[in-house]
Amino acid sequence: MNIEIISVPVIVVVVYALLELFKEAFGDGFKRFLPLCAVALGAAIGYAAFCLCPELIPTDNVFAAILIGAASGWAATGADQTFKQLMNKSDKEGCEKND
């Protein structure tokens, strides 16, 4: 089995979970910086994974590992917004059906 395949989804899930913790800890004032924090967290995780367990990151240099992590972190922001929009849409549909 090729274990390199799981590195991106794992980074996305970890960054998503950390962003949820940050939102709870810092409140609404922090929401503005979520995408920037997601990219920074993803880059840091990509770098750490490259240094600590290089077989997990599908690259041979640290710059590419940081870019993979940053893109994965940015994807976590997209996942967060997608989930939020789907929940808002379903809530609105539920309200319309009850009216």
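Structural data are supplied above this passage.
The rules we used
- Chains are numbered independently. Their residues run from 1 in the order of the written sequence.
- Only residues with pLDDT of at least 70 are given local features in this predicted model, and only at 80 or more are side-chain atom pairs given and counted; all residues enter the totals for whole chains, interfaces and linings.
- For side-chain calculations, the full set of non-hydrogen atoms in the structure is used, while hydrogens and water are omitted.
- Working definition: helices are DSSP H or I runs of at least four residues, strands are E runs of at least two. Numbering for both runs from the N terminus.
- Note on classification: 1.4 Å probe, protein chains only; a residue is buried when its accessible area is under 20% of the maximum for its type, exposed when over 50%, partly exposed between these limits.
- Working definition of accessibility: Shrake-Rupley area with a 1.4 Å probe, residue cover restricted to the visible protein chains.
- Patch rule: a residue counts if its relative accessible area is over 30% and it has no salt bridge; like charges are joined within 9 Å, and nonpolar side chains (Val, Leu, Ile, Met, Phe, Trp, Tyr) within 5 Å.
- Salt bridge criterion: a side-chain nitrogen from Lys or Arg within 4 Å of a carboxyl oxygen from Asp or Glu.
- What makes a nonpolar core is a set of buried Ala, Val, Leu, Ile, Met, Phe, Trp, Tyr and Cys residues whose side-chain atoms join them at distances within 4.5 Å.
- Think of each axis as a best-fit line through the C-alpha atoms, taken over the contacting stretch in the case of a helix, with angles from 0 to 180 degrees between the N-to-C directions.
- An angle below 35 degrees is treated as roughly parallel, one above 145 as roughly antiparallel, one from 65 to 115 as roughly perpendicular, and anything else as oblique.
- The handedness criterion is simple: a crossing whose near helix is rotated anticlockwise from the far helix by less than a right angle is left-handed, and one whose near helix is rotated clockwise is right-handed.
- In what follows, a contact means two residues having at least one pair of non-hydrogen atoms within 4.5 Å.
- By the convention adopted, Pro, Cys, Tyr, Trp, Phe, Met, Ile, Leu, Val and Ala count as nonpolar, Lys, Arg, Asp and Glu as charged, and the other residues, Gly among them, as polar.

Asks: Break down the overall build of the protein chain for me, with residues and values.
Replies: Across its full length, the protein chain holds three helices and zero strands. In sequence order, the protein chain lays out its α and β elements as α-α-α. Within the protein chain, the fraction of its 99 residues that count as buried is 25%. Element-wise, carbon and sulfur atoms account for 68% of the exposed surface of the protein chain, whose accessible area totals about 6,700 Å².

Asks: Let's hear about a nonpolar patch on the surface: which residues, and what values?
Replies: Judged by side-chain polarity, Ile 5, Ile 6, Val 10 and Val 14 come together as a nonpolar surface patch covering roughly 330 Å² of accessible area. For Ile 5, the location among the structural elements is in the segment before helix H1 (7–26).

Asks: Residue-level account of the nonpolar core, with values.
Replies: Counting 13 residues, the largest nonpolar core has Val 15, Leu 19 and Ile 57 as the members making the most contacts within it. For this core, the element with the highest residue contribution is helix H2 (residues 34–52), accounting for five residues.

Asks: Hey, could you go over the packing of H1 against H2 for me, with residue numbers and the actual values?
Replies: H2 packs onto H1 with a crossing angle of 135° between their chain directions and a minimal axis gap of 10 Å. In terms of orientation, H1 lies oblique with respect to H2. In this structure, H1 crosses over H2, and the sense of that crossing is right-handed. Here H1 contributes Ile 11, Val 14, Val 15, Leu 18, Leu 19, Phe 22 and Lys 23 to the contact with H2, which in turn contributes Leu 34, Cys 37, Ala 38, Leu 41, Gly 42, Ile 45 and Gly 46. Classifying every residue of the contact of H1 with H2 gives 11 nonpolar, two polar and one charged.

Asks: An account of the pattern of salt bridges is needed here, citing residue identities and associated values.
Replies: Across all of its chains, the model carries one salt bridge by this definition. The partner of Glu 20 in a salt bridge is Lys 23, with the nearest N and O atoms 2.9 Å apart. In this pair, Glu 20 and Lys 23 both sit in helix H1, three residues apart, roughly one turn of the helix. Residue Glu 20 is classed as partly exposed on the basis of its relative accessible area of 28%. Of the residues examined, Lys 23 reaches a relative accessible area of 14% and is grouped as buried.

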